[in-house]
Amino acid sequence: MWMGTHPRGDAVILDTDISEKTLGKWIANNLPCLGQSVKKTYGDLPFLFKVLSVNTALSIQAHPSKELAAKLHAQAPEHYPDNNHKPEMAIALTPFQALCGFRPVQEIVDFFQKVPELRLLIGSKAAEQLEQSMGQDLQTISSALRVCFTKMMKSEKGDFEEQLNILVKRVSQEVAEGKDVTACNGELLLRLHGQYPGDIGCFVIYFLNLVMLQPGEAIFLEANEPHAYLNGDCVECMACSDNTVRAGLTPKFIDVTTLCDMLNYTPAPRSSKLFSPVVDEVDPYVSIYNPPIPEFAVLQIKVPSTTRFYVVTNIESASILLVVKGKAKGNPSVSKSELSLQRGTVVFIAADEFLSLELSPGQDLLMFRACCLL
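Residues numbered from 1 in each chain as written. Predicted model: local features only at pLDDT ≥ 70, side-chain atom pairs only at ≥ 80, totals over all residues. Heavy atoms only, no water.

**As for the nonpolar core**
Of all hydrophobic cores here, the largest spans 58 residues; its most connected members are Leu 118, Phe 149, Met 152, Tyr 206 and Phe 207. Looking at this core element by element, the count peaks at seven residues for helix H7 (residues 138-153). Apart from the residues within four sequence positions on either side, Met 152 is in contact with Leu 118, Leu 121, Ile 122, Ile 200, Phe 203, Val 204 and Phe 207. In this structure, Ala 11, Leu 23, Cys 237 and Ala 350 belong to the second largest nonpolar core, which totals 30 residues. (Core = buried A, V, L, I, M, F, W, Y, C linked by side-chain atoms within 4.5 Å. Buried < 20%, exposed > 50% of the residue type's maximum accessible area, 1.4 Å probe, protein only. Helix = DSSP H or I, 4+ residues; strand = E, 2+ residues; numbered from the N terminus. Contact = heavy atoms within 4.5 Å.)

**Some words on the pairing of strand S18 (residues 346-349)**
Covered by surrounding structure in S18 are Val 347 and Ile 349 only, the residues Val 346 and Phe 348 on the alternate face being uncovered. Relative to S18, strand S15 (residues 319-325) is paired through four bridges, and the arrangement is antiparallel. Paired with Ser 319 across the two strands is Ile 349, which belongs to S18. (Pairing = 2+ DSSP bridges.)

**Looking at the sheet that holds strand S12 (residues 286-289)**
Sheet architecture is open: six strands sit in the order S11-S12-S13-S20-S15-S18, paired in antiparallel fashion. The sheet terminates laterally at strand S11 (278-279) and S18, the two strands that pair on one side only.

**So, the packing of helix H8 (residues 157-176) against helix H9 (residues 186-195)**
The contact between H8 and H9 brings their axes to 10 Å, and the two run at 120 degrees. In terms of axis orientation, H8 runs oblique to H9. Relative to H9, the crossing made by H8 is left-handed. Contacts between H8 and H9 involve Leu 164, Asn 165, Leu 167, Val 168, Val 171, Ser 172 and Val 175 from the former and Gly 186, Leu 189, Leu 190 and His 193 from the latter. Each residue belonging to the contact of H8 with H9 can be placed in one class, and the counts come to seven nonpolar, four polar and no charged. (Axes fitted to C-alpha atoms, helices over the stretch in contact; angles between N-to-C directions. Parallel < 35°, antiparallel > 145°, perpendicular 65-115°, else oblique. Left-handed = near helix turned anticlockwise from the far one by under 90°. Nonpolar A, V, L, I, M, F, W, Y, C, P; charged D, E, K, R; others polar.)

**A closer look at the pattern of salt bridges**
Evaluated as defined, the whole model comprises eleven salt bridges. Put simply, Glu 117 and Arg 170 hold a salt bridge, and the shortest N to O gap is 2.9 Å. Of this pair, Glu 117 sits in helix H5 (residues 116-122) while Arg 170 sits in helix H8; the two residues are 53 residues apart in sequence, bridging distant segments of the chain. Two residues, Lys 179 and Glu 177, come together in a salt bridge whose shortest N-O distance is 3.2 Å. If you follow the salt bridges from partner to partner, you end up with Arg 103, Glu 107 and Arg 270 in one network. (Salt bridge = Lys/Arg side-chain N within 4 Å of Asp/Glu carboxyl O.)

**Overview of the packing of aromatic side chains**
Under the defined criterion, the tally for this structure stands at ten aromatic pairs. Ring geometry for Trp 26 versus Phe 348: centroids 5.8 Å apart, planes at 70 degrees, classification edge-to-face. On the criterion of sequence distance, the pair formed by Trp 26 in helix H1 (residues 23-29) and Phe 348 in strand S18 is long-range, its members being 322 residues apart. With a centroid separation of 5.4 Å and 75 degrees between ring planes, the pair formed by Phe 149 and Phe 207 is classed as edge-to-face. One end of the pair, Phe 149, is in helix H7; the other, Phe 207, is in the loop between helix H10 (201-204) and strand S6 (208-213), with 58 residues separating them in the sequence. Across the pair, Phe 207 and Phe 149 agree in class, each one buried. Taken together through their ring pairs, the aromatic side chains of Phe 102, Phe 149, Phe 207 and Tyr 265 make up a single cluster. Taking NZ or CZ as reference, Lys 114 lies 5.9 Å from the ring centre of Phe 111, over its face. (Phe/Tyr/Trp six-rings, centres within 6.5 Å; stacked < 30°, edge-to-face > 60°. Lys NZ or Arg CZ within 6 Å of the ring centre and 35° of its normal.)

**Observations regarding the side chain of His 85**
Here His 85 is to be found in the loop between helix H3 (66-75) and strand S4 (88-92). In terms of polar contacts, His 85 uses its side chain to reach the side chain of Glu 295, at 2.7 Å. In this structure His 85 touches Pro 64, Ser 65, Lys 66, Ala 69, Ala 239, Ser 241 and Glu 295, once residues within four positions along its chain are discounted. (Polar contact = N/O pair within 3.5 Å; in protein donor to acceptor, adjacent residues only side chain to side chain.)

**Some points on the packing of helix H4 (residues 105-114) against helix H6 (residues 124-133)**
Think of two packed helices as two axes; the pair is described by the angle between the axes and how far apart they sit. With their axes 10 Å apart at the nearest point, H4 and H6 run at an angle of 140 degrees to one another. With respect to H6, the element H4 is oriented oblique. Taken as a pair, H4 and H6 cross one another with a handedness that is left-handed. Seen from H4, the contacting residues are Val 105, Ile 108, Val 109, Phe 112 and Gln 113; seen from H6, they are Ala 127, Leu 130 and Glu 131. Considered class by class, the residues forming the contact of H4 with H6 number six nonpolar, one polar and one charged.

**Section: H6**
When we look at burial in H6, the residues that qualify are Ala 126, Ala 127, Leu 130 and Ser 133. Along H6, the residues classed as buried sweep out an arc of 125 degrees about the axis, all on the same side. Facing away from the buried side of H6 by more than 90 degrees, the exposed set consists of Lys 125 and Gln 132. Those residues of H6 that are buried are in contact with H4, H5 and H7. Looking one or two places after H6, you find Gly 135, whose phi comes out positive at around 90 degrees. (Arc of directions from axis to C-beta.)

Here's what the structure looks like:
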């Protein structure tokens, strides 16, 4: 579900009294609604808000920097539809599983032993280069990691399919015998292979961190960060772009060379990928996810059922409010008409406007609010 003004998913306005039918057109005719700083800096809503429900794994991918986005858009606008970068943040609504960033090298090297098919695919020379890089400077490690990953991703289709089939057959046999296949990520391997048979992305699980988020936990992905969302529901916020470089686990256009060239090959533990919110100093019901980029922040608003009235306060930025749980009646500061809020309701709030809520009895209210805190 897309909420924003991107041309590929311009939000539809449900209020029939408003002549403009999409949010993008309404904002273009009412630019002061963005807030002075956002209007001056961006001239449009600088973020795109989404809800993802992931049952089948989403692609192995990364998002380009502004410089690379402009280059890719100029070269292939059919695949890269705008010239903007796309840093993004995912906040879990349910237990949420993702691949994110390169694992510590020791973990990857350990898989060379536990998954001999992986080592055979990469080749002894590249594998040994990575093994020998451990304990050396970061540049040497990253360089060796780049060689290994690129060798795997660019391997001949027949070669990786052969090794993948051998691996899947072996792990399936071990599962049938009741053996523990945790050491080789067996459960995830079989699940991904079931969704994307014979796909090179099945081997990527041995290079990237496997992260499991609990509701309210988040990950932030900067440019060039390899990732894939595997399972679960989340709210997601990003700069207003639809540029994605893909290389596996997808029927969509893949661009392996661009992905391998652009990636950040700095290994890091999975714990470093988590992004924590900060409780608002004024409102204890608000937690702020404020990543180190200017285009967006997300506020989580959790109002307990013991509270009858609550005000979504005014801020200096246009914002989009999403109701995830609970019900309430809302009275906007600029309108006499009452809003009915429930699970799935989306409300655009102009800069410096507030929204007074009366909660339905006995129900907690959970909302997320995307905005730009310049």
